[in-house]
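Spelled out, the chains give:
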Amino acid sequence: MLFSFDSLATMFHGIAAGGLALMGLFAALFWLYAMRSADVGTTRTIDPAPPQRAFGVLMVVVAAALWMTVLGGTYIVFPTYRTPPPEGVTALADYPRAFLLSDAGTAWLHAFAMESKEHMPWIASMLATAVAFVATRERPRLWTDRGLRGMIGAVLAVVFGLVSFIALLGVLVNKVAPVQ
Amino acid sequence: MATRHDDLPATGAPAGEAGDERANGASLAAFLAAGIGSLAMGALVVLNEAGIFPSPTFYGPTGGLSGRSTLTAVVWLASWAWLHRQWRGREIEAGSVYLATLLLTALGVIATFPPLWELF
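Residues numbered from 1 in each chain as written. Chains lettered and ligands numbered in written order. Predicted model: local features only at pLDDT ≥ 70, side-chain atom pairs only at ≥ 80, totals over all residues.

Chemist: Is there a simple way to think about the confidence of the model for chain B in this case?
Modeler: It should be kept in mind that the predicted coordinates are not to be read in detail where pLDDT is low. Residue and element names in this part refer to chain B. Residues of chain B with pLDDT of at least 70 account for 82%, and the chain-wide mean is 86. Mean pLDDT across the elements of chain B ranges from a minimum in helix α4 (residues 114-117), with 83, to a maximum in helix α2 (residues 64-87), with 98. Per-residue pLDDT stays below 50 along residues 1-11; that stretch engages in 20 contacts with residues further than four places along the chain or on separate chains. Contacts of residues 15-20 to residues separated by more than four positions or lying in other chains number 11 contacts, the stretch itself having pLDDT below 50. Scored as a whole, the predicted complex attains pTM 0.89, and scored at its interfaces, ipTM 0.90. (pLDDT = per-residue confidence, 0-100. Helix = DSSP H or I, 4+ residues; strand = E, 2+ residues; numbered from the N terminus. Contact = placed C-beta atoms within 7 Å.)

Here is the structure:
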């Protein structure tokens, strides 16, 4: 078989689920930016309901994608990554964690990069879930409450920053010590 | 035509009937709970690295991360449920809750940053 299950799972984790989340986060941030230019709080000639509904749907998709990424990473990809090599095995390419730690030049990819990836995505997922809840519940307020839009924007910026950082670290780790 | 909500009272008082969608309490509860969950994750990481509270292993192949993440999720969901019950249908002063959420999140993120907990 050309690709192992673990390799496919890693690709789904990073590219499909994680990539979907990143695109969705960017779209959400752009939506909020575009809303700043909208005719807010004064006479409107357009029905705000459809874009408000769309934002809510988008955030639910983003939160779901993030949870898929986090849970898949924690319970499918990470175990394969951290599997210790059997005693006596010196070829460590099939054991990413051990491989990275075996060389001082690559040890930081585990000690810093992977250790960051273990915990920060959970924070991002919880924050995204909060935004999804608020976005679906507070549809009318999204149009008129600048404070709420500002808070959503701030939280989404944090989530986008975290996910971008984590994604980059994942690319680096998988480049040097791919899960096969 | 939209109805402005910026002039709603910020007294913590019920905003009309229970479950009134115009009240912001439930939404603020969601934000603050996420901040509490973030802090919980950071605290569990630091406590584990300091040897004060080693993370339990709920799923062997994942190791201690399974314990830290599960406990974090429990704290997050429990605090959300409690805050939601307390604040649903009420209009809450949003600014302080927003600030608390961002502060707790910042603390949580910083605590999960390896250079910090490697000090322990």
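Chemist: What am I meant to see in the interface of chain A and chain B here?
Modeler: The accessible area lost on association of the parts is a frequent measure of interface size. Counting residues at the interface gives 34 residues for chain A and 32 residues for chain B. Of all elements in the fold, only α2 (49-82), α4 (107-137), α5 (139-144) and α6 (146-176) of chain A reach the threshold of two or more residues within the side of chain A that touches chain B. A per-element tally of the side of chain A that touches chain B places α4 of chain A first, with 16 residues. Looking at the side of chain A that touches chain B residue by residue, the class counts come to 19 nonpolar, 7 polar and 8 charged. (Nonpolar A, V, L, I, M, F, W, Y, C, P; charged D, E, K, R; others polar.)

Chemist: Even after reading the chapter, I still don't get the nonpolar core, so can you show me in this structure?
Modeler: The nonpolar side chains of a soluble globular protein tend to be buried, and buried together. Val-62, Leu-127, Ala-130, Val-131 and Val-159 of chain A together with Ala-30 and Ala-33 of chain B are the most contacted members of the largest nonpolar core, which has 63 residues in total. Those elements giving two or more residues to this core turn out to be α1 (5-36), α2, α4, α5 and α6 of chain A together with α1 (25-49), α2 and α3 (94-112) of chain B. Sorting elements by how many residues they give to this core places α1 of chain B first, with 14 residues. Setting aside its immediate chain neighbours within four residues, Ala-30 of chain B contacts Ala-130, Phe-133 and Val-134 of chain A together with Trp-80 of chain B. (Core = buried A, V, L, I, M, F, W, Y, C linked by C-beta atoms within 7 Å. Buried ≥ 20, exposed ≤ 12 C-beta atoms within 10 Å, placed from the backbone.)

Chemist: What's the story with the packing of α1 of chain B against α3 of chain B in this structure? I'm lost.
Modeler: How two helices pack is summed up by the angle between their axes together with the distance between the axes. Residue and element names in this part refer to chain B. The interhelical angle for the contact between α1 and α3, taken along N-to-C directions, is 20°, at an axis separation of 7 Å. One finds that α1 runs roughly parallel with respect to α3. Along this stretch, α1 crosses α3, giving a crossing that reads as left-handed. Across the contact of α1 with α3, the residue classes break down as 19 nonpolar, 7 polar and no charged. (Axes fitted to C-alpha atoms, helices over the stretch in contact; angles between N-to-C directions. Parallel < 35°, antiparallel > 145°, perpendicular 65-115°, else oblique. Left-handed = near helix turned anticlockwise from the far one by under 90°.)

Chemist: Help me understand the environment of Glu-91 of chain B in this model?
Modeler: Residues and elements named next belong to chain B. Locating Glu-91 in the fold gives a position in the loop between α2 and α3. You can call Glu-91 buried: it has 22 C-beta atoms within 10 Å. Once the C-alpha coordinates of Glu-91 and Gly-67 are considered, the two residues, 24 residues apart in sequence, prove to be 36 Å apart.

Chemist: Is there a simple way to think about the confidence of the model for chain A in this case?
Modeler: Chain-level statistics for chain A give a pLDDT mean of 91 and a share of 93% at 70 or above. α5 of chain A is the least confidently modelled element of chain A, averaging 81 in pLDDT, while α4 of chain A averages 96, the highest of any element.

Chemist: Looking at this model, I keep getting lost on α1 of chain A. Mind explaining?
Modeler: Residues three or four positions apart in an α-helix share a direction because the helix packs 3.6 residues into each turn. All names here are of chain A. Taking 1.5 Å of rise per residue, the 32 residues of α1 would be expected to cover 46 Å, and the 45 Å separating its terminal C-alpha atoms lies within 8% of that figure. If you look at α1, its biggest bend is around 35°, right at Gly-18. Three or more residues of α1 are buried, namely Thr-10, His-13, Gly-14, Ala-17, Gly-18, Ala-21, Gly-24, Leu-25, Ala-28 and Trp-31. Summarising the contacts, the buried residues of α1 are in contact with α2 and α6. (Expected span 1.5 Å × (residues − 1). Bend = angle between axes of the 7 residues up to and from the residue.)

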